[in-house]
Amino acid sequence: MRIIVVLLIGLIGGIGGYTFIYARGYSYIFNDPAECVNCHIMNKEFDAWAKSSHKAVAVCNDCHAPHHAPVEKLFVKARNGFNHSLKFTTGKFHEPIQITEHNRRVTERACRYCHQDIVNQIDHSQKEPLSCIRCHSNVGHST
Amino acid sequence: MSSQDKATRRGRSPLSLGLVAVGAFIVAFGLVALLMNIRGHKQEAANPFFRVVELTDDTEDPEIWGKNFPQQYDAYKKTVDMVRTRYGGSEAIPRVPDAKDPRAVVTQSKIEINPNLKRMWAGYSFALDFREERGHAYMLQDQMFTGRQAVPQPGTCLHCHASVYVPYKKAGDGDLFAGFEKLNHMPYAEAVKLVSHPVSCIDCHDSQTMQLRITRPAFIEGIRNYKASLGVANFDVNKDATRQEMRSYVCGQCHVEYSFQGPEKRLVYPWFKGLTVDAALAFYDSIGFKDWKHAETGAPMLKAQHPEFDLWNQGTHARAGVACADCHMPYVRVGAQKISDHHVRSPLLNVAAACQTCHRVEEKELVARAERIQNKTEHLENMALTALVDLIDEIDASIKAGATDEQLAKARDFQRKASFYVDYVEAENSTGFHADQESARILAESINFSRLGTISLRNAPK
């Protein structure tokens, strides 16, 4: 009995591990923008970023993952990773792709992380903070 | 371990063994399914183009092109769809086929919906039959069987209602322009025997490179004349146009204001002084051209024809460098490939791909913005048609009261202008959207012409 269970765990672990490596699952832990287009849905965004003003100073994660706590960064990456895999596998999602509310907040905070010295004089309403990307929607990647 | 424990284990084992097996089955099944799905997606990313057939500059049949480009061909075939938007598109209306017209489905008649159009076109074939347009797939068939064929039509019409590139070349023994001249001369019924497809791949694409290419003689000449008016001499569209220009020019081959000139019914686009309605009228006036004589008033009339390319050129999208294809054939993702959607249709039926690439706004809001423009254009257009019909009534009354041609000359000229201007917006297929301010201006001019015409009859007998 025990040997069967161990065998099954090994088998499933083997298939799962192969799938993980085949899908380059490990690459998402790192920071390389080329890994974000492993699944080619964001080719357009990637191509546009490569020609954008921010290419020199920021990679995908600088704007789309939190800066404040490493744990939060991993959490956001895991959450997006799961959602993206699910959508890509089922094929059911809106095109052109749209940012979620949660990720938009992450990005808004990322803008301020680098640009706070410039914007802190205009960004003082706690109730209704200004949205950077309302006007600067093209800085990261204009598709 | 006691012997009792062992017995209990043995007793439980078939059930738990089964559960473990089922659990393992589900997990392994799911993992392999996922693995295959990932493999499928990786395959998509590999270059998926396979050349199955050899295409030449004489391959007319789109089905053959479709073997090399199945995605584009599938989408192209979807232009048979009949879907309405608020102000356009087609709604399938069943009819009983007869000997003259085998169509079992047509679209709604515009002249029945708005009888003012019949007054505007009195004495011209458009007063006989004028319907809502359908998709590209129907362009040939709908022309062959329109009620306007009651008046004999020239072969010129086929320039834009059939795939004529190969037939023109054949008729001209390899010379496109010679074939064009030859078909223009022929009666429609004879010329139509030489064509076999509605617009096809070869009308816009080079068979070897797939680059966009202009094949319509009237556009080659028209755009050369227009560029000359801007100071660019000898513009050769297939050599000198940019890629983004071509993404509008291929559509502008046909979606334009045009006229048939001379006894040979030569197709000419009126772009000698610009692409505006004013430039078109100035050209027609300069050569004393008329399409027909108005049945009620005797005025020398002009018929405006679907000037989509002309009007779009006056709008904000054109100024921003947005091409026809950007909205009417937006890029779509097929697997890892980006292709242009060959299901040519109203962007209002495809808002996400057509508009949201640039406008990051909800679909509902984008449709509302477009319809706001169209509602206003429609309102102004009805006002302009009413003003025109008022003028026709006034001229009729003066004729009955015995007014001379001299007394009527001004009013007739204003009727010609007012009619051409309102018709320009009516015939244009965006209900003002392609250039909203320009459409409003044209309609305002039309209303003004009609009222000036009425005023010019003040001293004429009534």
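The structure we're discussing is the one just above.
These lines cover the structure that appears in this document, whether it is placed above or below. Quick caveat: nothing in here was measured; it's all calculated off a predicted structure.

Reading the values: rules and limits
Here the residue numbering is sequential within each chain, running from 1 through the sequence in written order. Both sets of labels track the order of writing: A upward for chains, 1 upward for ligands. Since the coordinates come from a predicted model, pLDDT governs what is reported: local features require at least 70, and pairs of side-chain atoms require 80 or more to be given and counted, while whole-chain, interface and lining totals use all residues. Only runs of H or I of at least four residues qualify as helices and only runs of E of at least two qualify as strands under DSSP, and these elements are numbered from the N terminus. To sort residues by burial, count the other C-beta atoms lying within 10 Å of each one's C-beta; a count of 20 or more means buried, 12 or fewer means exposed, and anything in between means partly exposed. C-beta atoms are built from the backbone. Atoms considered for the radius of gyration are the C-alpha atoms alone. The globule rule reads 2.2 Å times the number of residues to the power 0.38. Each nonpolar core consists of buried Ala, Val, Leu, Ile, Met, Phe, Trp, Tyr and Cys residues. Their C-beta atoms, within 7 Å, join them into a set. Contact between two residues is assigned when their C-beta atoms, built from the backbone, lie within 7 Å. Lines fitted to the C-alpha atoms define the axes, with helices restricted to the stretch that makes contact. Angles between their N-to-C directions range from 0 to 180 degrees. Any angle between 65 and 115 degrees counts as roughly perpendicular, while under 35 counts as roughly parallel, over 145 as roughly antiparallel, and the rest as oblique. If you view the pair so one helix is near and one far, a crossing is left-handed when the near helix is turned anticlockwise from the far one by less than a right angle, and right-handed when it is turned clockwise. Three residue categories are used. Nonpolar comprises Ala, Val, Leu, Ile, Met, Phe, Trp, Tyr, Cys and Pro, charged comprises Asp, Glu, Lys and Arg, and polar comprises the others, including Gly. A helix is expected to span 1.5 Å for every residue after the first. Two axes are fitted around each residue, one to the seven residues ending there and one to the seven starting there, and the angle between them is reported as the bend at that residue. A pair of strands is labelled paired if DSSP reports no fewer than 2 bridges between them.

**Re the overall build of chain B**
- Of regular secondary structure, chain B possesses 20 helices and eight strands.
- Oriented by its inertia axes, the alpha-carbon framework of chain B measures out at about 130 × 50 × 50 Å.
- With 462 residues in all, chain B has 36% of them scored as buried.

**With respect to the overall build of chain A**
- When its secondary structure is counted, chain A shows seven helices and zero strands.
- Taken from the N to the C terminus, the helices and strands of chain A come in the order α-α-α-α-α-α-α.
- Computed over C-alpha atoms, the radius of gyration of chain A comes to 19 Å, more than 25% over the 15 Å expected from 2.2 N^0.38 for 143 residues, which places it beyond the range of a compact globule.
- When the backbone C-alpha atoms are referred to their principal axes, chain A occupies close to 70 × 30 × 30 Å.
- Looking at chain A as a whole, 8% of its 143 residues are labelled buried.

**Looking at the nonpolar core**
Residues and elements named next belong to chain B.
- Grouped together as the largest cluster of nonpolar side chains are 36 residues, with contacts concentrated most on Ala384, Leu388, Leu391, Tyr421 and Val422.
- Among the secondary structure elements, those contributing two or more residues to this core are helix H5 (116-120), helix H13 (277-286), helix H18 (363-400), helix H19 (405-427) and helix H20 (436-456).
- Among the elements that line this core, the one with the most residues is H19, at nine residues.
- Setting aside residues up to four positions removed in sequence, Tyr421 forms contacts with Val277, Ile442, Glu445, Ser446 and Phe449.

**Concerning the packing of H18(B) against H20(B)**
Residue and element names in this part refer to chain B.
- Running from N to C, H18 and H20 point in directions that differ by 15°, and their axes come no closer than 9 Å. Between H18 and H20, the angle is such that the two are roughly parallel. H20 is crossed by H18, and the crossing has left-handed handedness. Contacts from Ile373, Thr377, Leu380, Glu381, Met383, Ala384, Ala387, Leu388, Asp390, Leu391 and Glu394 of H18 reach H20 at Asp436, Ser439, Ala440, Leu443, Ser446, Ile447, Ser450, Arg451, Gly453 and Thr454.
- Here the residues of the contact of H18 with H20 sort into 10 nonpolar, six polar and five charged.

**Section: unusual backbone geometry**
- Note that the residue after A:Glu95, namely A:Pro96, is joined by a cis bond; omega there is 0°.
- The residue A:Pro96 is located in the loop between helix H5 (70-90) and helix H6 (101-119) in this model.
- Here the phi dihedral of B:Asn234 falls at roughly 50°; this positive angle occurs in a residue that is not glycine.
- By the element assignment, B:Asn234 lies in the loop between helix H10 (217-229) and helix H11 (237-240).
- According to the C-beta neighbour criterion, B:Asn234 is exposed, with 8 such atoms within 10 Å.

**Comments concerning helix H1 (residues 2-22) of chain A**
Residue and element names in this part refer to chain A.
- Here H1 contains 21 residues, and its C-alpha end-to-end distance of 30 Å stays within 8% of the 30 Å for a straight helix at 1.5 Å per residue.
- Among the 21 residues that make up H1, zero are buried, leaving the element largely open to the surroundings.
- Remark: Arg24 follows H1 within two positions and exhibits a positive phi of approximately 55°.

**With respect to H6(A)**
- The terminal C-alpha atoms of H6(A), which comprises 19 residues, lie only 22 Å apart, well short of the 27 Å expected from a rise of 1.5 Å per residue.
- Where H6(A) bends most, at A:Tyr113, the angle is about 60°.

**Concerning the packing of H18(B) against H19(B)**
All names here are of chain B.
- Where H18 meets H19, the axes come as close as 10 Å, and the angle between the chain directions of the two elements is 155°. With respect to H19, the element H18 is oriented roughly antiparallel. Between H18 and H19 the crossing geometry is left-handed. Here Thr377, Glu381, Ala384, Leu385, Leu388, Leu391, Ile392, Ile395, Ser398 and Ile399 of H18 come into contact with H19, specifically with Leu408, Ala411, Arg412, Phe414, Gln415, Ala418, Ser419, Val422, Val425 and Glu426.
- Here the contact of H18 with H19 is built from residues that sort into 13 nonpolar, four polar and three charged.

**Comments concerning the environment of B:Lys78**
All names here are of chain B.
- Inspection of the secondary structure assignment puts Lys78 in the loop between helix H3 (70-77) and strand S1 (93-94).
- Under the C-beta neighbour-count criterion, Lys78 is labelled partly exposed, with 15 such atoms within 10 Å.
- Distance from Lys78 to Lys293, taken between C-alpha atoms, is 40 Å for residues 215 residues apart in sequence.

**Quick look at the pairing of strand S8 (residues 337-340) of chain B**
All names here are of chain B.
- Alignment of strand S7 (residues 331-334) against S8, held across four bridges, turns out to be antiparallel. When the sheet's bridge partners are listed, Tyr331 is paired in S8 with Ser340.
- The antiparallel pairing of S7 with S8 creates a hairpin that spans two residues between the two strands, and Gly335 there sits at a positive phi of about 65°.

**Observations concerning the environment of B:Cys355**
Residue and element names in this part refer to chain B.
- Inspection of the secondary structure assignment puts Cys355 in the loop between helix H17 (351-354) and H18.
- Put simply, Cys355 and Val83 are 272 residues apart on the chain and 19 Å apart in space, counted from C-alpha to C-alpha.
- Among all residues touching Cys355, those that are not within four sequence positions of it are Pro347 and Leu366.

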